[in-house]
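The lines below spell out each chain.
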Amino acid sequence: MELSPLFISLQTAAAATAAAFFPGILAARWLAHTPPGKGKALADGLLIMPLLLPPTVIGFLLLLIFGNRGLLGRTLSEWGLPIVFTWPGAVIAAAVVTFPLMYRTARGAFEQVDPDMLDAARTMGDTEWRLFWRILLPLSWPGITSGIILSFARALGEFGATLMLAGNIPGKTQTMPIAIYFAVEGGKRDVALVWTLIMIAVATTIVLSLNYWSDRRQNFAGRHKGK
Amino acid sequence: MTLYVDIEKNLPGFKLSVSFTAANNTLGLLGSSGSGKTMTLRCIAGLLTPDRGKIVLNDRVFFDAEKGINLPSRERKVGYLFQNYALFPHLSVEQNISFGLRHCPRQEQSRRVAEMLEMMNLKGLKNRYPRQLSGGQQQRVALARSLVLEPEVLLLDEPFSALDDCLRDQLEEQLRETLGKYHGHSLYITHNIEEAYRICSELLLLEEGRIAASGLREELFKRPPNTLAARLTGCKNLSRIRHIAHDTVEALDWGCRLLVPSINYPLPSINYPLPTINSPLHSINSPLPTKGGEGKGEGGEDKDKGEGGEGNYWIGIREHQLSFVNDKTLTNTFPCRTTSVSESPHSVTLTLRLDGAHNPPGGNLQAFLYKDAWEVLHKQPYPWLVRFEPAKLFLTKEK
């Protein structure tokens, strides 16, 4: 049995999580401490959209953008960076679908931080950028970690958008969920079963590590006791 | 050193409009919750931007709406002690204190931190984390963290509200000591009247985003300039008055006529003695004064003068300054009875009604007694005799 779908899946999920991480926490930082209002609600709605739309809709929209008829897609192709039916395409599809999870968990974690602490850092001479690194991020780190894990899990399971943008190219863009689908379609039920067991194992690991992190979150002082 | 503040800020349902100048000591901002105390402090610290006005500390302009100046918080060099201290839970005591010293060379950093640890009695705790400290220790760390930056002004936002009573007294002592050592302005906000009086020599009374009164604490408590200030400084007994003679007023809400010493009387008056009126009056039956049918016995001239000041002035006396006497002939002494009693461990607050006063519109008089005095008084038969000692009465403007 070809094992490439496992590695492609892990690589794609890791790259997609990394790609969603920075825009995710920047958007979270931006919206976490803005006062409620119409603008905030609208921005939040747009950012969360990929979570609400069916993955095939995301996949189709991405095709419109990155396909040869789309301006961005044509330009990238000319530069020798085709997206459609490539591994970067799989990463982009998974990152877009994953982004809302990253953004939402990070925002929740930021909102948990007492705003007085940020104000305290401000009165003590910190710039916004510096207090983000010195106060906000360390204090919300446990929450952000669970955001990373959730995003990774979601990226790992991504099927619809990936298939539409990156297709099913064994050894290149064929991830585990896609391998399962085509195995079943091709009548290879035993192969599908193996992949399914592997996916269950990975999911279990993720759930366990999530619980581990949320335990750490409850006991903040404990994190430093060993020091 | 002067701190000049003159700001306005509009929020839905609330308008902050304060202006004051603070001299070189501890200024207290006293007001109930929602009066705009914290908002004022946040504007000074640069954590909130006013809509209009100016904030200047010494020569440094923090904020000037007209010139478009708004110094960011980090450049204002203002110490801020938060209500819940806002210590950084992921940093040790030492790291918390050195947080703002990033720009200093390492050596100076550790010297200053060591100095602060010493001064604040935190030496043994420098490697602990905030969660591992008691409320009092946390407060000391928070103070140390602000003071180590040698701020020109220290803003304290209800530093004792997070503590229980027992600890509060101890810490207050410590804080007063620390503030004594610190040479800069401090602005202290609280809703606790007694605490404000103990800690601050000068007070600013805030109500609904406006300053009701300001001044030296002794003056404010002795002669509050208006009824709002009187209430904010804890005066429960206030009554509208009607001018009867140059040194006599009728307290409409209590139902009696009172002799008022001319020095306390803000209306122009001639200083000669008049016979004291010692009993509650017939005229109480018609509590609201009308121009025609009132005060038959009074001279018309006097009455007109009274009408001029009427409604603008109130009379007040603090609850602990009402005294119970045995001599009916003393000035301002009236028979009374109590309508309710509220007991505390060492004292009693009585609600009184003067005999013959029929449902006075403003309601009640409150008297404060220590338990020993109460033990004696409550065994006596009605009517008791309550005295409004003239020197303790104050007249104050309506607001």
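Residues numbered from 1 in each chain as written. Chains lettered and ligands numbered in written order. Predicted model: local features only at pLDDT ≥ 70, side-chain atom pairs only at ≥ 80, totals over all residues. Heavy atoms only, no water.

(A) Structural view of the overall build of chain A. In terms of helices and strands, chain A carries 10 helices and zero strands. Secondary structure elements in chain A, listed N-terminal to C-terminal, are α-α-α-α-α-α-α-α-α-α. Its C-alpha atoms put chain A at 65 × 45 × 30 Å along the principal axes. The buried share of chain A, reckoned over its 227 residues, is 45%. Long-range contacts, defined here as pairs at least 24 residues apart, represent 73% of the contacts in chain A between residues at least 6 apart. Each charge sign in chain A was given a centre, from 19 positive and 13 negative side chains, and these centres are 1 Å apart. (Helix = DSSP H or I, 4+ residues; strand = E, 2+ residues; numbered from the N terminus. Buried < 20%, exposed > 50% of the residue type's maximum accessible area, 1.4 Å probe, protein only. Contact = heavy atoms within 4.5 Å. Lys, Arg positive; Asp, Glu negative; His and termini not counted. Charge placed at Lys NZ, Arg CZ, Asp CG, Glu CD.)

(B) Structural view of the interface of chain B and chain A. Taken together, the 22 residues of chain B in the interface contact 22 residues of chain A. The contact between chain B and chain A buries some 2,200 Å² in all, and 63% of this surface belongs to carbon and sulfur atoms. The three residues of chain B that bury the most area against chain A are Arg74, His90 and Phe99 of chain B, which together make up 29% of that side's buried surface. For the interface between chain B and chain A, the tally reads two salt bridges. (Buried area = accessible area lost by both parts, 1.4 Å probe. Salt bridge = Lys/Arg side-chain N within 4 Å of Asp/Glu carboxyl O.)

(C) Summary view of the packing of helix α4 (residues 135–147) of chain B against helix α5 (residues 165–181) of chain B. Residue and element names in this part refer to chain B. Contact pair α4 / α5: the axes reach a minimum separation of 11 Å and the direction vectors enclose 20°. With respect to α5, the element α4 is oriented roughly parallel. Of the two elements, α4 crosses α5, and the hand of that crossing is right-handed. Of the residues in α5, those in contact with Gly136, Gln139, Arg140, Leu143 and Leu147 of α4 are Leu167, Leu171, Gln174, Leu175 and Thr178. (Axes fitted to C-alpha atoms, helices over the stretch in contact; angles between N-to-C directions. Parallel < 35°, antiparallel > 145°, perpendicular 65-115°, else oblique. Left-handed = near helix turned anticlockwise from the far one by under 90°.)

(D) Layout of a nonpolar patch on the surface. All names here are of chain A. A cluster of nonpolar side chains, contributed by Val57, Phe60, Leu61, Leu64, Ile65 and Leu72, occupies part of the molecular surface with about 520 Å² of accessible area. Looking at the nonpolar patch, the element that brings in the most residues is helix α3 (residues 55–66), giving five residues. The residue Leu64 is located in helix α3 in this model. (Patch = residues over 30% accessible without salt bridge, like charges linked within 9 Å, V, L, I, M, F, W, Y side chains within 5 Å. Areas by Shrake-Rupley, 256 points an atom, 1.4 Å probe, with all protein chains shown as cover.)

(E) The arrangement of the confidence of the model for chain A in detail. All names here are of chain A. The share of residues in chain A with pLDDT of 70 or more is 94%, and the mean pLDDT across the chain is 89. When the elements of chain A are averaged for pLDDT, helix α10 (residues 189–218) gives the smallest value, 85, and helix α5 (residues 87–112) the largest, 95. Low pLDDT, under 50, characterises residues 221–227; the stretch is placed with seven contacts to residues that sit more than four places away or in other chains. (pLDDT = per-residue confidence, 0-100.)

(F) Structural context of helix α6 (residues 115–123) of chain A. Summarising burial for α6 of chain A: eight of the nine residues are buried, a large majority. For α6 of chain A, the elements touching its buried residues are α1 (4–32) and α7 (128–156) of chain A together with α1 (37–45), β7 (78–81) and α4 of chain B. By the N-cap criterion, in which a side-chain oxygen at the helix start approaches the backbone nitrogen of a residue two or three places on, α6 of chain A is capped by Asp114 of chain A, the distance to Asp116 of chain A being 2.9 Å. A positive backbone phi angle near 100° is found at Gly125 of chain A, which sits one or two residues after α6 of chain A. (Polar contact = N/O pair within 3.5 Å; in protein donor to acceptor, adjacent residues only side chain to side chain.)

(G) Structural view of the packing of α1 of chain A against helix α2 (residues 38–52) of chain A. Residues and elements named next belong to chain A. Orientation of α1 relative to α2, taken along the N-to-C sense of each, is 160°, at an axis distance of 11 Å. Here α1 lies roughly antiparallel to α2, going by the angle between them. Both α1 and α2 take part in a crossing whose hand is left-handed. Residue-level contacts link Ala27, Trp30, Leu31 and Ala32 of α1 to Lys40, Ala43, Asp44 and Leu47 of α2.

(H) Structural view of the pattern of salt bridges. Inspection of the entire model under this criterion finds 30 salt bridges over all chains. Taking the shortest distance from any N to any O, the salt bridge between Arg154 of chain A and Glu158 of chain A comes out at 3.2 Å. Each of Arg29, Asp119, Arg122 and Glu128 of chain A together with Arg42 of chain B takes part in salt bridges that share partners, so that together they form one network.

(I) Main features of the side chain of Thr338 of chain B. Residue and element names in this part refer to chain B. Topologically, Thr338 is positioned in strand β17 (residues 333–343). Note on Thr338: relative accessible area 16%, which makes it buried. Within the structure, the side chain of Thr338 is placed 3.2 Å from the backbone oxygen of Ser340, a separation counted as a polar contact. Separated by 2.9 Å, the side chain of Thr338 and the backbone oxygen of Thr351 make a polar contact. In this structure Thr338 touches Leu350, Thr351, Leu352, Tyr382 and Trp384, once residues within four positions along its chain are discounted.

(J) Layout of α4 of chain B. Taking 1.5 Å per residue, 13 residues should reach 18 Å; α4 of chain B reaches 18 Å between its end C-alpha atoms and fits that length. In terms of burial, α4 of chain B is a largely internal element, 11 of the 13 residues being buried. Along α4 of chain B, the positions that sit buried rather than exposed are Gly136, Gln137, Gln139, Arg140, Val141, Ala142, Leu143, Ala144, Arg145, Ser146 and Leu147 of chain B. Among the structural elements, α6 of chain A together with β7, α2 (93–97), α3 (106–119), β8 (153–157) and α5 of chain B are those in contact with the buried residues of α4 of chain B. (Expected span 1.5 Å × (residues − 1).)

(K) Spotlight on the packing of aromatic side chains. Applying the stated criterion to the full structure yields 17 aromatic pairs over all chains. Ring geometry for Phe99 of chain A against Tyr103 of chain A: centres 6.1 Å apart, planes inclined by 5°, an arrangement best described as stacked. Separated by four residues within a single helix, Phe99 of chain A and Tyr103 of chain A lie in helix α5, roughly one turn from each other. Judged by its relative accessible area of 13%, Phe99 of chain A is buried. Residue classification places Tyr103 of chain A among the buried positions, given a relative accessible area of 0%. Both rings, one in Tyr181 of chain A and one in Phe182 of chain A, keep their centres 5.1 Å apart while their planes meet at 85°; by these two values the pair is edge-to-face. Of the residues examined, Phe182 of chain A reaches a relative accessible area of 27% and is grouped as partly exposed. Taking the ring centre of Phe88 of chain B as reference, the NZ or CZ of Arg145 of chain B above it sits at 4.7 Å. For Arg217 of chain B, the ring lying beneath its charged end belongs to Tyr197 of chain B, and the centroid distance is 4.9 Å. (Phe/Tyr/Trp six-rings, centres within 6.5 Å; stacked < 30°, edge-to-face > 60°. Lys NZ or Arg CZ within 6 Å of the ring centre and 35° of its normal.)

(L) Molecular detail of the sheet that holds strand β14 (residues 256–259) of chain B. Residue and element names in this part refer to chain B. Ordered by their spatial adjacency, five strands build an open sheet running β14-β13-β12-β15-β21, and the pairing between neighbours is antiparallel. Since the sheet does not close on itself, it has two edges, and those belong to β14 and β21 (394–397), each with one partner. Strand-to-strand, the axes of this sheet are offset by a mean angle of 45°, without reference to chain direction. Two strands pair when backbone bridges link them, and strand β15 (residues 313–317) and β21 are joined in this way by four bridges, in the antiparallel orientation. Paired with Tyr313 across the bridge in β21 is Lys397. (Pairing = 2+ DSSP bridges.)

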